[in-house]
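# Examining the three-dimensional arrangement
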Amino acid sequence: MQENQYFQSVPHPCAAELTVLLPVFNGAQYITEAVESILMQTYTNFELLVINDGSTDDTLVILERLAARDFRVRVVSRENKGLIDKLNQGLSLSSTDLI
């Protein structure tokens, strides 16, 4: 994968202004494109909270690689519990009031 200019290399800020919540289950085929699209936005003061819901493909490996390249990406992996539970967990783990 080639380096892209939108990956942030500065230290993590104390507090982002908003959280982008991205639930995923077995999304290895599309997760890189989805994350890169979010990271390329002109507004950059956000955390991207990705909830991996027990994926059995390479989703988690890909997410860990993306998180290592950009401090805004935060990955939480857990056993599969479904979309609603995944979204509720994302809301509770958000570090911001705006989601």
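Report follows, based on the coordinates. (Residues numbered from 1 in each chain as written. Predicted model: local features only at pLDDT ≥ 70, side-chain atom pairs only at ≥ 80, totals over all residues. Heavy atoms only, no water.)

### Overview of the overall build of the protein
Secondary structure assignment for the protein yields three helices and three strands. Along the protein, helices and strands appear, N-terminal first, in the series β-α-β-α-β-α. In the protein, the proportion of contacts linking residues at least 24 apart, taken out of those at least 6 apart, comes to 83%. Carbon and sulfur atoms make up 53% of the accessible area of the protein, which totals about 5900 Å². (Helix = DSSP H or I, 4+ residues; strand = E, 2+ residues; numbered from the N terminus. Contact = heavy atoms within 4.5 Å. Areas by Shrake-Rupley, 256 points an atom, 1.4 Å probe, with all protein chains shown as cover.)

### Re helix α1 (residues 31-39)
Among the residues making up α1, those that are buried are Ile31, Thr32, Val35, Glu36, Ile38 and Leu39. Buried residues in α1, looked at end-on, bunch into an arc of 160°, giving them a common side. Contacts from the buried residues of α1 go to β1 (18-24), β2 (46-53), α2 (59-69) and β3 (73-78). (Buried < 20%, exposed > 50% of the residue type's maximum accessible area, 1.4 Å probe, protein only. Arc of directions from axis to C-beta.)

### As for the packing of α1 against α2
The contact between α1 and α2 brings their axes to 10 Å, and the two run at 25°. In terms of orientation, α1 lies roughly parallel with respect to α2. Considering only the axes of α1 and α2, their crossing is right-handed. Contacts between α1 and α2 involve Ile31, Thr32 and Val35 from the first element and Ile62, Leu63, Arg65 and Leu66 from the second. Here the residues of the contact of α1 with α2 sort into five nonpolar, one polar and one charged. (Axes fitted to C-alpha atoms, helices over the stretch in contact; angles between N-to-C directions. Parallel < 35°, antiparallel > 145°, perpendicular 65-115°, else oblique. Left-handed = near helix turned anticlockwise from the far one by under 90°. Nonpolar A, V, L, I, M, F, W, Y, C, P; charged D, E, K, R; others polar.)

### Some remarks on the pairing of β3
Sheet topology note: the β2/β3 ladder contains six bridges and is parallel. By the bridge assignment, Ile51 is partnered in β3 with Val76. (Pairing = 2+ DSSP bridges.)

### Thoughts on the nonpolar core
Among the nonpolar cores identified, the biggest contains 13 residues, and Leu22, Ile31, Val35, Leu48, Val50, Leu63 and Val73 are the most heavily contacted of them. Broken down by secondary-structure element, the contributors of at least two residues to this core are β1, α1, β2 and α2. The biggest single contributor to this core is α1, with four residues. In this view, Leu63 contacts Val24, Ile31, Val35, Val50, Asn52 and Val75; residues no more than four positions away in its chain are not counted. (Core = buried A, V, L, I, M, F, W, Y, C linked by side-chain atoms within 4.5 Å.)

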